[in-house]
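Take a look at the letters that make up each chain.
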Amino acid sequence: MNPQAKLISISSLLLGTTITISSSHWMMAWTGLEINTLAILPLISNPHHPRAIEAATKYFLVQAAASTLLLFSNTTNALFTGQWDITQLTHPTSCLLLTTAISMKLGLVPFHFWFPEVLQGSSLMTSLLLTTAMKFPPITLLLMASPSLNYTLLTTMAIASAALGGWMGLNQTQIRKILAFSSISHLGWMTIIIIYNPKLTLITFYLYCMMTAATLLTLKTTKILKLSTMMTAWTKIPSLSATLMLALLSLAGLPPLTGFLPKWLIIQELTKQEMTPTATIIALLSLLGLFFYLRLAYCATITLPPNSSNYMKQWRTNKPVNTLTATLTTMTITLLPFSPMILSML
């Protein structure tokens, strides 16, 4: 991609995100979301491959439909109450439409179908943007409007997302699709707690972004796109493959890694709110995700799974590991002992 075009796209992304997260008026928030959508499209379709063009088209259609619903929700609320303020959404129909619109933007079940396909058609760096930065404006709107949301619908979608994110990831061989279903599952954990403790949702989102960024940057360094290449990639940079295994286990939420912290806090908060059955269900559903993370971790290490076909071993590379990748991976593995400091931010 032309450097000037890339600069314009990334600047527009930053501008759109800043407008959305700093606005208190629905029209400004909607404008920021539209700038974001239009700015990411050239980055998705950058390889000029039919799959990339298809991904960009799917992304545009879904985001346009979600933006229309969002605008319809706001105008309906303004019509009945005269309020355009984000925190003053009180009309029941508007609340229902807003919950649906933001769920479409984020990719919550049952509006998740576009997300794995778009990620599969994008490059690893665009996938990193889609799973982290592009989720930030809708999550912020969700936080600001959390008292107005339809909680029954949100809880149902959260549990369905945790279930389907784990279930659909079991049979995948493409790494980007696995990470897409992982994202859907994590979004379920974030949205189930948003009414009771919005700050906990934000901390979960930050930690998820950090872990996903570490994983995707490691995959980019080792040029891994599917399980079959992951099996032989340990010969390129063995140390990075070992830390990739730990980063994946952290995403799964295993102690004593960083990923255990948000799940532990969410289960604790749900129990405090006398929602023990919900906490039990969502904790059991995380075992589905744990299975495919373990499979990825198994393939990422020096142990080769039994197979009938022969794979060529890859040459070891002398390319140094990026400082950002090393820092994010270290934080992904070692942040749990700092949980009292993180909890003090709540």
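What you see is a predicted model; the values in this text were computed from it and never measured.

The sites that UniProt annotates as "transmembrane region" (unreviewed entry) are residues 7-28, 96-115, 151-171, 178-196, 202-219, 240-261, 281-300 and 321-343. Between the end C-alpha atoms of residues 7-28 the distance is 23 Å, and the span holds 86% helix and 0% strand. Secondary structure content for residues 202-219 is 100% helix and 0% strand, and the end C-alpha separation is 26 Å.

One pass over the structure, following the stated rule, counts eight aromatic pairs. Here phenylalanine 205 and tyrosine 206 contribute two aromatic rings whose centre-to-centre distance is 6.4 Å and whose plane-to-plane angle is 50°, an arrangement assigned as tilted. Under the relative-accessibility criterion, phenylalanine 205 is labelled buried at 2%. On the basis of relative accessibility, which here comes to 45%, the residue tyrosine 206 falls in the partly exposed class.

The next subject is unusual backbone geometry. The general pattern is negative phi for most residues beyond glycine and trans for most peptide bonds. Cis geometry is found at the peptide bond from valine 109 to proline 110, where omega equals 5°. In the Ramachandran plot, lysine 223 falls in the positive-phi region, its phi being about 55° despite a non-glycine side chain. Mapped onto the elements, lysine 223 comes out in the loop between α10 (198-222) and α11 (227-230). The phi angle at glutamate 274 is positive, at roughly 60°, despite the residue not being glycine.

Further remarks concern the pattern of salt bridges. Taken as a whole, this structure holds two salt bridges when the rule is applied. Note that glutamate 54 and lysine 58 form a salt bridge whose closest N and O atoms lie 2.8 Å from each other. Taken together, the residues span about one helical turn, with glutamate 54 and lysine 58 both in helix α3 (residues 50-81) at a distance of four residues. For lysine 58, a relative accessible area of 28% gives the class partly exposed. Between glutamate 117 and lysine 177 there is a salt bridge, with the nearest N and O atoms lying 3.4 Å from each other.

Close contact between helix α7 (residues 136-144) and α10 brings their axes to 10 Å; oriented N to C, the two are set at 170°. Accordingly, the angle class assigned to the pair α7 and α10 is roughly antiparallel. Of the residues in α10, those touching α7 at Phe136, Ile139 and Leu143 are Pro198, Thr201, Leu202, Phe205 and Tyr206. Grouping the constituent residues of the contact of α7 with α10 by class yields seven nonpolar, one polar and no charged.

What counts and what doesn't
- Residues numbered from 1 in each chain as written.
- Predicted model: local features only at pLDDT ≥ 70, side-chain atom pairs only at ≥ 80, totals over all residues.
- Heavy atoms only, no water.
- UniProt positions renumbered as here; feature names shortened; annotations may be inferred.
- Helix = DSSP H or I, 4+ residues; strand = E, 2+ residues; numbered from the N terminus.
- Phe/Tyr/Trp six-rings, centres within 6.5 Å; stacked < 30°, edge-to-face > 60°.
- Buried < 20%, exposed > 50% of the residue type's maximum accessible area, 1.4 Å probe, protein only.
- Salt bridge = Lys/Arg side-chain N within 4 Å of Asp/Glu carboxyl O.
- Axes fitted to C-alpha atoms, helices over the stretch in contact; angles between N-to-C directions.
- Parallel < 35°, antiparallel > 145°, perpendicular 65-115°, else oblique.
- Contact = heavy atoms within 4.5 Å.
- Nonpolar A, V, L, I, M, F, W, Y, C, P; charged D, E, K, R; others polar.

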